[in-house]
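Fold and contact review
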Amino acid sequence: MRRQDLVGYIGVDIGGQSTRVGTFDERGKLKVISFATEPDFKTECEKIAGAARQLLPKGIKKLAVGSPGPLDWRKRYLYDTPNLPWQNVSFAPLEKLVGCEVLLDNDANVAGLGEATLGAGKGKKFITGFTLGTGIGHFQVKDGRIYHGGLDVEAGHQILDPNGPECGCGQKGCLEAFVSATAIQKRYGVPPHQLNDPKAWEEIAYRLAQGLVNAAVFVCPDAIILTGGMLFRGEMLFAPLRKFYSEMLKIYPERLRPPVLPAKLGDKAGVVGAIVLAKVGHSE
Ligand SMILES: [Zn+2]
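Note that residues are indexed from 1 along each chain, following the sequence as it is written. The predicted origin of the model limits local features to residues at a pLDDT of at least 70 and limits the giving and counting of side-chain atom pairs to 80 or more, whereas totals for whole chains, interfaces and linings rest on all residues. To get the side-chain values, all heavy atoms of the structure are used, and hydrogens and water are removed first.

Attention now moves to the nonpolar core. Of all hydrophobic cores here, the largest spans 60 residues; its most connected members are Phe-130, Leu-132, Leu-208, Leu-212, Leu-226, Leu-241 and Val-272. When residues are assigned to domains, this core turns out to be shared by domain 1 (3-111 + 267-280) and domain 2 (125-263), each giving three or more. Ignoring any residue separated from it by four or fewer positions in sequence, one finds Leu-208 in contact with Leu-132, Leu-175, Val-179, Leu-226, Leu-237 and Leu-241. The nonpolar core is taken to be a set of buried Ala, Val, Leu, Ile, Met, Phe, Trp, Tyr and Cys residues, with the residues joined through side-chain atoms within 4.5 Å. Burial classes: relative accessible area under 20% of the type maximum marks a residue as buried, over 50% as exposed, and values in between as partly exposed (1.4 Å probe, protein chains only). Counting residues in hydrophobic clusters, the runner-up holds 28 residues, among them Val-12, Val-21, Leu-63 and Val-65. Throughout the structure description, domain borders are defined by an automatic or database domain assignment. Contact criterion: two residues are considered in contact whenever any of their non-hydrogen atoms come within 4.5 Å of each other.

Its location among the elements puts His-148 in the loop between strand S11 (145-146) and helix H4 (175-179). A relative accessible area of 1% means that His-148 is categorised as buried. Among the polar contacts listed, one links the side chain of His-148 to the side chain of Asp-105, at a separation of 2.7 Å. Helical segments are the DSSP runs of H or I of at least four residues, strand segments are the runs of E of at least two, and each set is numbered from the N terminus. Nitrogen and oxygen atoms within 3.5 Å of one another constitute a polar contact, given that in protein one can donate a hydrogen and the other can accept it, and given that sequence-neighbouring residues count only through two side-chain atoms.

The donor definition counts N, O and S atoms within 2.8 Å of each metal and applies 3.2 Å to Na, K and Ca; water is not among these atoms, so some sites may look incomplete. In this structure, His-157 (ND1), Cys-167 (SG), Cys-169 (SG) and Cys-174 (SG) serve as the protein donors to the zinc ion, at separations of 2.0 to 2.4 Å. Any coordination sphere not matching a tetrahedral pattern (four donors, all angles between 85 and 135 degrees) or a square planar or octahedral pattern (four or six donors, opposite donors over 155 degrees apart, other angles between 65 and 115) is reported as irregular. Coordination at the zinc ion is tetrahedral, judged from the 4 donor atoms that bind it and the angles of 105 to 121 degrees they form at the metal. Positions of the donor residues of the zinc ion, expressed as sequence spacing, correspond to H-x9-C-x1-C-x4-C. In this pair, His-157 is assigned in the loop between S11 and H4 and Cys-174 in the loop between S11 and H4, connecting sequence segments 17 residues apart. Residue Cys-174 is classed as buried on the basis of its relative accessible area, which comes to 0%.

A large share of strand S4 (residues 62-67) lies buried, amounting to 5 of its 6 residues. Two strands pair if DSSP finds at least two bridges between them. Taken together, the 5 bridges between strand S1 (residues 9-14) and S4 define a ladder with parallel strand orientation. Bridge pairing in S4 places Asp-13 opposite Gly-66. Relative to strand S8 (residues 101-106), S4 runs parallel, the two being bridged by 6 bridges. Residue pairing across strands places Ser-67 opposite Asn-106, the latter belonging to S8.

Turning our attention to the sheet that holds strand S3 (residues 30-36). Pairing within the open sheet is mixed, and its 5 strands lie in the order S3-S2-S1-S4-S8. Across the chains shown, the open sheet's two edge strands, defined by having one partner strand only, are S3 and S8. Between one strand axis and the next, the sheet turns by 20 degrees as a mean value, whatever way the strands run. Bridging between strand S2 (residues 18-24) and S3 involves 7 bridges; their strand directions are antiparallel. Of the residues in S3, the one forming a bridge with Thr-23 is Lys-31. To obtain each axis, a line is fitted to C-alpha atoms, and for helices this fit is confined to the stretch in contact; angles are then taken between N-to-C directions over 0 to 180 degrees. Running at roughly 100 degrees to S8, helix H3 (residues 107-118) makes contact with S2, S4 and S8 of the sheet.

Moving on, we get to the pattern of salt bridges. Any carboxyl oxygen of Asp or Glu that lies within 4 Å of a side-chain nitrogen of Lys or Arg is treated as forming a salt bridge with it. Taken as a whole, this structure holds 13 salt bridges when the rule is applied. Of the charged contacts, one joins Glu-38 and Lys-47 as a salt bridge, the two residues approaching to 3.0 Å between their closest N and O atoms. By relative accessible area, which is 35% here, Lys-47 ends up partly exposed. Between Glu-46 and Lys-42 there is a salt bridge, with its nearest N and O atoms 3.7 Å apart.

The next thing to look at is the packing of H3 against helix H8 (residues 269-280). The geometry of H3 relative to H8 is characterised by a closest axis approach of 7 Å and an angle of 80 degrees between their N-to-C directions. With respect to H8, the element H3 is oriented roughly perpendicular. In this structure, H3 uses Val-110, Ala-111, Leu-113, Gly-114, Glu-115, Thr-117 and Leu-118 to contact H8, whose residues at the interface are Ala-269, Gly-270, Val-272, Gly-273, Ala-274, Val-276, Leu-277 and Val-280. Partitioned by chemical class, the residues of the contact of H3 with H8 number 10 nonpolar, 4 polar and 1 charged. Working definition: roughly parallel below 35 degrees, roughly antiparallel above 145 degrees, roughly perpendicular at 65 to 115 degrees, and oblique for all remaining angles. Each residue receives one of three labels: charged for Asp, Glu, Lys and Arg, nonpolar for Ala, Val, Leu, Ile, Met, Phe, Trp, Tyr, Cys and Pro, and polar for the others, Gly being one of them.

The next point concerns unusual backbone geometry. At the junction of Gly-69 and Pro-70, the peptide bond is cis and its omega measures out at 5 degrees in the coordinates. One non-glycine residue, Asp-143, lies in positive phi territory at about 50 degrees. Of note in this structure, Cys-220 is not a glycine but carries a positive phi near 40 degrees. Take Cys-220: it is sitting in the loop between helix H6 (198-219) and strand S12 (223-227). The exposure class assigned to Cys-220 is partly exposed, which follows from its relative accessible area of 36%.

Keep in mind that these numbers describe shape and distance, not what the molecule does.
Have a look at this one:
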């Protein structure tokens, strides 16, 4: 898919701090309007609609929203999300404000769709990956579309050690309970961007490698993409991660192993993925 194929579609990336509304122009340039996420949901929807109309005054083909979950993408309904000011709200009424169909999906899936289509996974058929942030999101993109399974695939909550640290989800020893920014803060007393002890990063990389190897053997994707704030630590994380991943994963010949790739779109993955979602829609 080329960026020019996405003209006329709007993507919205909602975060706890800010909301980005974006589209691609005729030359394939990404145009984004950002504003602080509104504490009132109705005002938030009005601001999204205003930004969308400003970007595409002649009309919007479709609009898609990526938001922190839990949510029901089929009903476009957001449950009680800890990272957002509103709870139990529906995005369906946004359709009246923007005059087109509105789609919803969770932020990890949407960022993954962006990376799979126009970022690190471009040209590959089957991508899986993890978003490394406050929590550990997971995504799978097959043939250019988000794969959900029944409810949603939650490989950030695969259990690496049933006697491990408690996870926010209620389980023990989840991947998220070892490698999320929250887990790192809890265990090492500093957030990931202040953690400079290579031994600590080896421990984190070891657990993350376990998670990636499990993902590789369960679904054997064409690539595993890592995205999210922790990527800024670069080789501090990636050097031990590559080593452990390669040491642990033996079932495939080395040259046929799913490669582990850093994301390419940075913090634009969410808004780009939402534009792509508006164009391709859901497969189920
Ligand atoms: Zn968990």
